[in-house]
Amino acid sequence: MAAENSGQFVAVLDFGAQYGQLIARRVRDLHVYSTIVPCDITADELAAMGPAAVILSGGPASVYCEDAPRVDPGVFELGIPVLGFCYGQQIMAAQLGGEVGHTQKGEYGPATLVRDGTSMLLADTPSEQTVWMSHRDAVTRVPEGFRVTAHTETCPVAAMECPRRRLFATQFHPEVRHTTYGNQMLAAFLFHICGLEPTWTMDSLVDELVADIRAQIGTSSVILALSGGVDSSVVAALVHRAVGDQLTCVFVNHGMLRAGEPELVEKVFRKQFDVPLVHVHAEERYAMLLAGVTDPEEKRRRIGTEFWKVFFEEAEKLDGVEYLAQGTIYPDVIESGARKTGGKASTIKSHHNLIPFPPGVHFDLIEPLDHLFKDEVRALGLALGLPETMVYRQPFPGPGLAIRIIGEVTPEKLAILKAADAIVREELDAYNARLFEQTGERNSEHSCWQYFAVLPDIRSVGVMGDERTYARPVIVRAVESSDAMTADWAKLPYEVLSGISSRIVAEVPGVNRVAYDITPKPPATIEWE
Ligand code: XMP
């Protein structure tokens, strides 16, 4: 990344913090690029990366533990400003000659911070303010040269600093929204203390990424599996901006996409962007492949394997393609335990191994989004001119509607589910839009995060216009979540549920009943298969 090359960035040393990613996010929100590196990075490696600032994250360890993670002491001698949060403050104090002890009681949640004397870090914040605490250990004596700049009722050293050495730390978490002035503290660190400029914007990012992609691909050709999902769509728009028609997108239509999706992909990529697009109509091939299959895992396996088969059949028809572009994003990289650090040889375990290259076939991967968080990817998509409907598309599983049809997938069931699902999405898109208007937040507490219809493999009795029916029920699933790891069913207003129910039974032939799934995850999962 050019931001890394220019030294205008922050390295976050990750001590296993619950809020580690959040720190990097907050810094980027202030338009300074930030990257997460392992806490055991050596001072030499860090110096080779050349960040303008270092932040030590919190972490679950106690500085007393024998195997407590430590900072290479050389890091404090590099002359680069360092800011520590929570464990980051404790380890800074412990390693520089201060003392850390157990406070009488832990401190969790909001606390009132009282400032003591002058502080460069807290300069733009009031003398009393609310901060977010989450700790048991705390600094009891600051290292020589440091001064205490704030305390709370239970924590005598809630913040400390040594301006001469440009070392700063807080026991609380400025990165958490509940710390009212957290952003001002981060801004003071980045702009006043480190002298950084807020130059990392979406437009500058587009320029950087385009330049990087051009340099990497040169005059070669590149191929991309376009699913219509956010990540692959943004990569397509970006790589096309960089190398134009050297990019070919292959859109494998397996027939289990939601109503209107193939048309949207065509409209955006063929008409709006004029990208060379191969639309592979594999609907019949998939219908045959799934005939008679009822086991969820077998459905997934067949769909996944076939996808790459179809993709590589198309890829092999194209001449001279050397690169395959992928929409890997930063959380994928972080979660796979792999990190890129400028000082080390790239240890990134990218998703090569997830792509089943056929024997004798190989492409080099390009993953231009692998430093970006999901909402940065969305912002990038908007900056590239992708429509909001695509950029804010909710998560959709690779196997598509096949895993929302319980039992065998048949054309009749697929038609029912597509129609019912379109109604659920229309109604809840409208509900979310109303909430967005009221709150200004796209993912406000009450908006649903993912919503769809499920078709179980049963029929039930009903009565419609004096006639007995024996037809299918549709299950509505709508959940609130932030990361899909846990989820709760959305407490939708009755009139919204009622509107969905009336429309489905009135508009979708073959359906006489609608049920709402009120199970959280766990114990259920979001999807039904
Ligand atoms: P579950 O059902 O495990 O889903 O609670 C969690 C999130 O993952 C999505 N999901 C998938 N996404 N391929 C995907 O790309 C899949 O096979 C798949 N299965 C589930 C699901 O929609 C939810 O957002």
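Given the structure is predicted, the values throughout are model-derived calculations rather than measurements.

### Quick notes on the packing of aromatic side chains
- Considering all chains together, one arrives at 13 aromatic pairs under this definition.
- With a centroid separation of 5.4 Å and an interplanar angle of 85°, the aromatic rings of Trp-308 and Phe-311 are classed as edge-to-face. Separated by 3 residues within a single helix, Trp-308 and Phe-311 lie in helix 10 (residues 296–317), roughly one turn from each other. Summarising the burial analysis for this pair, Trp-308 and Phe-311 share the class buried.
- On the numbers, 6.3 Å between centres and 5° between planes, the contact of Phe-312 with Phe-363 is stacked. Of the two residues, Phe-312 is situated in helix 10 and Phe-363 in the loop between helix 11 (330–335) and strand 14 (364–366); the sequence distance between them amounts to 51 residues.
- Since its relative accessible area comes to 2%, Phe-312 is described here as buried.
- An aromatic cluster is defined as three or more aromatic residues linked by ring pairs; in this entry it consists of Phe-307, Trp-308, Phe-311, Phe-312, Phe-357 and Phe-363.
- Sitting over the face of the ring of Phe-452, Arg-404 holds its NZ or CZ atom 3.7 Å from the ring centroid.

### What about the sheet that holds strand 11 (residues 247–253)?
- A sheet is described by the order of its strands in space; here 5 strands give the open sequence 12-11-10-13-14, paired in parallel fashion. The open sheet terminates on both sides in strands that have one partner only, identified here as strand 12 (277–281) and strand 14. Each strand axis lies, on average, 30° off the axis of its neighbour in the sheet, ignoring direction.

### Overview of the site of the ligand
- Taken together, the residues surrounding the ligand are Arg-300, Pro-395, Pro-397, Gly-398, Pro-399, Gln-450, Ala-484, Lys-521, Thr-525, Ile-526 and Glu-527.
- A distance of 2.3 Å separates an oxygen atom of the ligand from a polar side-chain atom of Arg-300.
- Lys-521 is positioned with one of its side-chain polar atoms (N or O) 2.7 Å from an oxygen atom of the ligand.
- Look at the ligand: alone it shows 490 Å² of surface, and the protein chains cover 68% of it.
- A breakdown of the residues in the shell around the ligand according to their chemical character gives 5 nonpolar, 3 polar and 3 charged.

### Quick word on unusual backbone geometry
- Of note, the amide linkage connecting Lys-521 to Pro-522 takes the cis form, showing an omega dihedral of -15°.
- With respect to the helices and strands, Pro-522 occurs in the segment after strand 19 (511–516).
- The omega torsion across Pro-522 and Pro-523 is 10°, close enough to zero to call that bond cis.
- Its identity as a non-glycine residue notwithstanding, Asp-466 has a phi of 70°, on the positive side.
- Structurally, Asp-466 can be placed in the loop between strand 16 (460–464) and strand 17 (467–480).
- Residue Ala-484 is not a glycine yet carries a positive backbone phi of 70°.
- With respect to the helices, strands and loops of the structure, Ala-484 is situated in the loop between strand 17 and strand 18 (488–489).

### Focus on the environment of Ala-43
- Take Ala-43: it is sitting in helix 3 (residues 43–49).
- Looking at Ala-43, the relative accessible area reads 7%, which means it is buried.
- Along the backbone, Ala-43 and Gly-74 are 31 residues apart, and their C-alpha atoms lie at a distance of 5.2 Å.
- In this structure Ala-43 touches Asp-72, Gly-74, Val-75 and Leu-78, once residues within four positions along its chain are discounted.

### Side note on the packing of helix 9 (residues 283–290) against helix 10
- The N-to-C vectors of helix 9 and helix 10 enclose an angle of 150°; their axes lie 10 Å apart at closest approach. Seen from above, helix 9 lies across helix 10 with right-handed handedness. Contact with helix 9, carried on its side by Arg-285, Tyr-286, Leu-289 and Leu-290, involves Lys-299, Arg-302, Ile-303, Glu-306, Phe-307, Lys-309, Val-310 and Glu-313 of helix 10 and no other residues of that element.
- Class assignment of the residues belonging to the contact of helix 9 with helix 10 gives a composition of 6 nonpolar, no polar and 6 charged.

### Here we look at the pattern of salt bridges
- Scanning all chains against the criterion turns up 29 salt bridges.
- Arg-270 is the salt-bridge partner of Glu-266, the closest N and O atoms lying 2.8 Å from each other. In this pair, Glu-266 and Arg-270 are both assigned in helix 8 (residues 261–272), 4 residues apart and thus about one turn of the helix distant.
- Classification of Arg-270 as partly exposed rests on a relative accessible area of 35%.
- Residues participating in the shared-partner salt-bridge network are Arg-25, Arg-26, Arg-28, Asp-29, Asp-375 and Glu-376.

### What to know about the confidence of the model for the protein
- Summing up the model confidence of the protein, the mean pLDDT is 92 and the portion of residues at 70 or higher is 94%.
- Every residue in residues 338–353 is under pLDDT 50, and counting partners more than four places away or in other chains gives 35 contacts.

### Some remarks on helix 8
- In a regular helix each residue adds 1.5 Å, so 12 residues correspond to 16 Å; helix 8 covers 15 Å between its end C-alpha atoms and thus fits that length.
- Among all positions in helix 8, only Glu-261, Pro-262, Val-265, Val-268 and Phe-269 are buried. Axial view of helix 8: buried residues confined to an arc of 140°, hence all on one face. Opposite the buried face of helix 8, at more than 90 degrees from it, the exposed residues are Glu-263, Lys-267 and Lys-271.
- Contacts made by the buried residues of helix 8 are with helix 7 (230–243), strand 11, strand 12 and helix 13 (388–391).
- Positive backbone phi, at 60°, marks Asp-274, one or two positions downstream of helix 8.

### Points about the domain arrangement of the protein
- Assigned domains of the protein: these are domain 1 (6–193), domain 2 (202–391) and domain 3 (404–516).
- If you average the C-alpha positions of domain 1 and of domain 2, the two centres end up 38 Å apart.
- In this complex, domain 1 contributes 14 residues to the contact, which on the side of domain 2 involves 13 residues.
- Interface of domain 1 and domain 2: buried area, both sides summed, is about 1200 Å²; carbon and sulfur atoms make up 52% of it.
- At the boundary of domain 1 and domain 2, one finds 3 salt bridges.
- The tally of links between domain 1 and domain 2 comes to 5 residue pairs in polar contact (both at pLDDT 80 or more).

Cut-off values and rules
- Starting from 1, residues in each chain are numbered consecutively following that chain's sequence as written.
- Whole-chain, interface and lining totals are the exception, using all residues; otherwise, since this is a predicted model, local features are given only for residues with pLDDT of at least 70 and side-chain atom pairs are given and counted only at 80 or more.
- For side-chain calculations, the full set of non-hydrogen atoms in the structure is used, while hydrogens and water are omitted.
- Within 6.5 Å between ring centres, the rings of Phe, Tyr and Trp (the latter by its six-membered ring) count as paired, and their orientation is classed by plane angle as stacked under 30 degrees, edge-to-face over 60, tilted in between.
- Strands are runs of DSSP state E lasting at least 2 residues, helices are runs of H or I lasting at least 4, and numbering of each runs from the N terminus.
- We call a residue buried when its accessible area falls under 20% of the maximum for its residue type, exposed when it is over 50%, and partly exposed in between, using a 1.4 Å probe and counting protein chains only.
- By definition here, charges over rings are those cases where NZ of Lys or CZ of Arg is within 6 Å of the ring centre and within 35 degrees of the ring normal.
- Strands pair, by our definition, only if DSSP identifies at least two bridges between them.
- Each axis is a line fitted through C-alpha atoms, and for a helix only the stretch in contact is used; angles between axes span 0 to 180 degrees, taken between their N-to-C directions.
- Near residues are defined by distance, with any heavy atom within 4 Å of the molecule or strand qualifying the residue.
- Within 3.5 Å is the distance limit for a polar contact, defined as a pair of N or O atoms, with the added protein rule that one can donate a hydrogen and the other accept it, and that residues adjacent in sequence qualify only through two side-chain atoms.
- Each accessible area value is a Shrake-Rupley result obtained with a 1.4 Å probe; residue values ignore everything except the protein chains displayed when judging cover.
- Residue polarity follows a fixed list, in which Ala, Val, Leu, Ile, Met, Phe, Trp, Tyr, Cys and Pro are nonpolar, Asp, Glu, Lys and Arg are charged, and the others, Gly among them, are polar.
- Only heavy atoms matter for contacts: two residues are in contact if any of them lie within 4.5 Å across the pair.
- Helix crossings get a hand from a simple test, with the near helix turned counterclockwise from the far one by less than a right angle marking a left-handed crossing and a clockwise turn marking a right-handed one.
- When a carboxyl oxygen of Asp or Glu is within 4 Å of a side-chain nitrogen of Lys or Arg, the pair counts as a salt bridge.
- You can read pLDDT as the predictor saying how much it trusts each residue, on a scale of 0 to 100.
- For a helix, the expected span equals 1.5 Å multiplied by the residue count minus one.
- Here the arc refers to the set of directions running from the helix axis out to each C-beta atom.
- Domain segmentation is taken from an automatic or database assignment of domains.
- Note on definitions: buried area is the accessible-area loss of two parts on being combined, 1.4 Å probe, summed for both.

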